[in-house]
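Below are the chains, spelled out letter by letter.
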Amino acid sequence: MINGVLHPKNVVAQLVQQGVSHYVTLPDSETAHMYAALMAEPSITIVPVSREGEAIPVAAGLFVAGQNPVISIQNAGLYEAGDALRGLALGIGLPLVMFIGYRGHNRKGDTPDSAATFLEPYLHMWRVDYLVIESDDDLDRVPLAFERAAKTNQPFAVAIGTEYAKGDE
Amino acid sequence: MITYADACRVINDSRGEAVSVSTMTQTKYWNQISSEPDLDVGIANAMSKASSVALGVALGDPERPVICLDSDGSLLMNFGTLATIAGMAPKNLYHFVFNNGIYSVTGGQPLPAPGVEYAKAADACGYASVHRFDDVESLDSALPDILASDGPVLIEIIVNGEPQTEGVDQTWESNARLPQQLRALRKRLTGTDDWGPGGPYI
């Protein structure tokens, strides 16, 4: 992980601005503080899943019912969710923004964590477009993710390349 | 033992305007008798995820009943769904599990543990209520009250195994059915036809 500062409240503000209704998630250590910030936002319902492969199908059902969900899972969980990504996002043309914890990421490209090594090749393999967010300065890219997902009717990944800060620290 | 055809018939008799999310062999029989085809989704090409899609629909439209026609092999592949559903506790979700102890679609091979009791598992996870039926008369008479009760409810149905002898055809048309059904359902639930084409099939 790099040393950029990413405040959960600023990400939550972006989600509110995009009209997000549900945040379907399996928490990971990098996004723990994001979970706490979401608990304080009444307009977004958190949907905890037991395994990452459930996240995309639950989001698909929510979208079909007229809601505006996002998912948040770790890169290792995205690998577990591969068949759901294939069948119930890419296969059905689901406009879904997927926040992916980029565990092990650093800008030097020398990481001992294979969860990081494989994330971008994995997204390329599935033909999923993505962008990387490493600090609050990058948050102006979040609307682009929603715009691209809606325009293409395809999932779009936002890789979170730093740990969320605790509170306002 | 109950046949797939009888189980689907009595469920359809009591469904009202419930959304249905089905999978595997149930979908074949359901499609033959469903009274509300534009409220139906048959989850093909994503084995085990019918209950997860059904949960999403139930949370997204809490005033409308949602029935999931799941199967034992599929549920075993996504067993955590029981805890996920119990945790969100949607009052409008009715989770049917067709239990035949085999993988029907692939020719009838046994499940890893054919004796699993899914109603007990759902009860342990925290479903509002659970039921288990092995004769169609009891299922038929109990369903109206079950579907009037608060969910999430799991209804386990012991069915005769029907091993499929022919392979599954994968065609462009068969793979287009799911995205088409999902768009029709969204249109029905939201009243707007705003989900355009996307993906390889439509």
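1. Re the interface of chain B and chain A
With 33 residues of chain B at the interface, the matching set in chain A holds 32 residues. Roughly 2,300 Å² of surface becomes buried between chain B and chain A when both sides are summed, with 64% attributable to carbon and sulfur atoms. Looking at the side of chain B facing chain A, the largest losses of area belong to B:Thr84, B:Arg186 and B:Trp195, adding up to 22% of the total buried there. Scanning the region where chain B abuts chain A turns up zero salt bridges. It is helix 8 (residues 172-190) of chain B that provides the largest number of residues to the side of chain B that touches chain A, a total of eight residues. Looking at the side of chain B that touches chain A residue by residue, the class counts come to 17 nonpolar, twelve polar and four charged.

2. Description of the packing of aromatic side chains
To describe a pair of aromatic rings, you give the distance between the ring centres and the angle between the ring planes. Following the criterion strictly, the structure yields seven aromatic pairs over all chains and no others. An aromatic cluster of at least three residues, connected via ring pairs, comprises A:Tyr79, A:Tyr122 and A:Trp126. Sitting over the face of the ring of B:Trp195, B:Arg183 holds its NZ or CZ atom 4.1 Å from the ring centroid. Above the ring of A:Phe63, the side-chain terminus of B:Arg186 is found at 4.0 Å from the ring centroid.

3. As for empty space enclosed by the protein
All names here are of chain A. Applying the stated criterion across every chain, the model contains one cavity of 30 Å³ or more. Estimated volume of the largest cavity: approximately 30 Å³. Looking at the largest cavity, the residues that line it are Tyr 23, Thr 25, Pro 27, Thr 31, Met 34, Tyr 35 and Ser 72. Counting residues per element, the ones that place at least two in the lining of the largest cavity are strand 1 (22-25) and helix 2 (32-39). When the residues that make up the lining of the largest cavity are grouped by side-chain class, the tally is four nonpolar, three polar and no charged.

4. Some details on the sheet that holds strand 8 (residues 153-158) of chain B
Residues and elements named next belong to chain B. Sheet architecture is open: six strands sit in the order 2-1-3-4-8-7, paired in parallel fashion. At either margin of the open sheet sits one strand with a lone partner, and together these are strand 2 (40-43) and strand 7 (129-133). On average, each strand axis in the sheet is inclined to that of its neighbour by 15 degrees, with strand direction left out of account. Where strand 3 (residues 66-71) lies against strand 4 (residues 93-99), six bridges are found, and the strand directions are parallel. By the bridge assignment for strand 4, Val 66 is matched with Leu 93. Across the face of the sheet, helix 1 (residues 4-14) comes into contact with strand 3, strand 4 and strand 8 while running at roughly 170 degrees to strand 4. Relative to strand 7, helix 7 (residues 136-148) is tilted by about 165 degrees, and along the sheet it contacts strand 3, strand 4, strand 7 and strand 8.

5. Quick word on the nonpolar core
Core analysis: the largest hydrophobic core is formed by 70 residues, its most contacted members being A:Ile56, A:Ile71, A:Leu85 and A:Met98. The contact partners of A:Ile71, leaving out residues within four places of it in the chain, are A:Val24, A:Ala55, A:Ile56, A:Ala59, A:Leu96, A:Val97, A:Met98 and A:Phe99.

6. Side note on helix 8 of chain B
For helix 8 of chain B, which comprises 19 residues, the first-to-last C-alpha distance of 27 Å matches the rise-based estimate of 27 Å (1.5 Å per residue) to within 8%. If you look at helix 8 of chain B, its biggest bend is around 25 degrees, right at B:Leu178, and the proline B:Pro179 turns up within four residues after that. If you check which residues of helix 8 of chain B are buried, you get B:Ser174, B:Asn175, B:Ala176, B:Leu178, B:Pro179, B:Gln181, B:Leu182, B:Arg183, B:Leu185, B:Arg186 and B:Leu189. As for helix 8 of chain B, its buried residues are in contact with helix 3 (55-64) and helix 5 (82-90) of chain A together with strand 1 (19-23), strand 2 and helix 3 (50-60) of chain B. Looking at the residues trailing helix 8 of chain B, positive phi occurs at B:Gly191, about 75 degrees.

7. Quick notes on the packing of helix 5 (residues 81-88) of chain B against helix 6 (residues 118-125) of chain B
All names here are of chain B. Interaxial distance between helix 5 and helix 6 falls to 9 Å at its minimum, and their mutual angle equals 45 degrees. By the angle between their directions, the pair helix 5 and helix 6 is classed as oblique. Crossing of helix 5 over helix 6 shows right-handed handedness. Every residue of helix 6 that contacts helix 5 at Leu 82, Ala 83 and Ala 86 is listed here: Ala 121, Ala 122 and Cys 125. Taken together, the residues of the contact of helix 5 with helix 6 sort by class into six nonpolar, no polar and no charged.

8. Considerations on the pairing of strand 4 of chain B
All names here are of chain B. Along strand 4, seven of the seven residues are buried, which leaves the element largely enclosed by surrounding structure. Burial along strand 4 is two-sided: the face carrying Leu 93, His 95, Val 97 and Asn 99 and the face carrying Tyr 94, Phe 96 and Phe 98 are both buried. Here six bridges tie strand 4 to strand 8, and the two strands are oriented parallel to one another. Each bridged residue has a counterpart across the sheet, and for His 95 the counterpart in strand 8 is Leu 154.

9. With respect to the sheet that holds strand 3 (residues 69-74) of chain A
Residue and element names in this part refer to chain A. Sheet architecture is open: six strands sit in the order 2-1-3-4-6-5, paired in parallel fashion. Among the strands making up the open sheet, the edge pair consists of strand 2 (45-48) and strand 5 (129-133). This sheet shows a mean twist of 20 degrees between the axes of neighbouring strands, independent of strand direction. Helix-sheet contacts for helix 3 involve strand 1, strand 2, strand 3 and strand 4 (97-101), and the interaxial angle to strand 3 is about 175 degrees.

Cut-offs used in this document
- Residues numbered from 1 in each chain as written.
- Chains lettered and ligands numbered in written order.
- Predicted model: local features only at pLDDT ≥ 70, side-chain atom pairs only at ≥ 80, totals over all residues.
- Heavy atoms only, no water.
- Contact = heavy atoms within 4.5 Å.
- Buried area = accessible area lost by both parts, 1.4 Å probe.
- Salt bridge = Lys/Arg side-chain N within 4 Å of Asp/Glu carboxyl O.
- Helix = DSSP H or I, 4+ residues; strand = E, 2+ residues; numbered from the N terminus.
- Nonpolar A, V, L, I, M, F, W, Y, C, P; charged D, E, K, R; others polar.
- Phe/Tyr/Trp six-rings, centres within 6.5 Å; stacked < 30°, edge-to-face > 60°.
- Lys NZ or Arg CZ within 6 Å of the ring centre and 35° of its normal.
- 1 Å grid on protein atoms, 1.4 Å probe; cavity = no way out; pocket = protein on both sides within 12 Å on 5 of 7 lines; lining within 4 Å.
- Points joined across faces, edges and corners; volume = space filled by probe spheres on them.
- Pairing = 2+ DSSP bridges.
- Axes fitted to C-alpha atoms, helices over the stretch in contact; angles between N-to-C directions.
- Core = buried A, V, L, I, M, F, W, Y, C linked by side-chain atoms within 4.5 Å.
- Buried < 20%, exposed > 50% of the residue type's maximum accessible area, 1.4 Å probe, protein only.
- Expected span 1.5 Å × (residues − 1).
- Bend = angle between axes of the 7 residues up to and from the residue.
- Parallel < 35°, antiparallel > 145°, perpendicular 65-115°, else oblique.
- Left-handed = near helix turned anticlockwise from the far one by under 90°.

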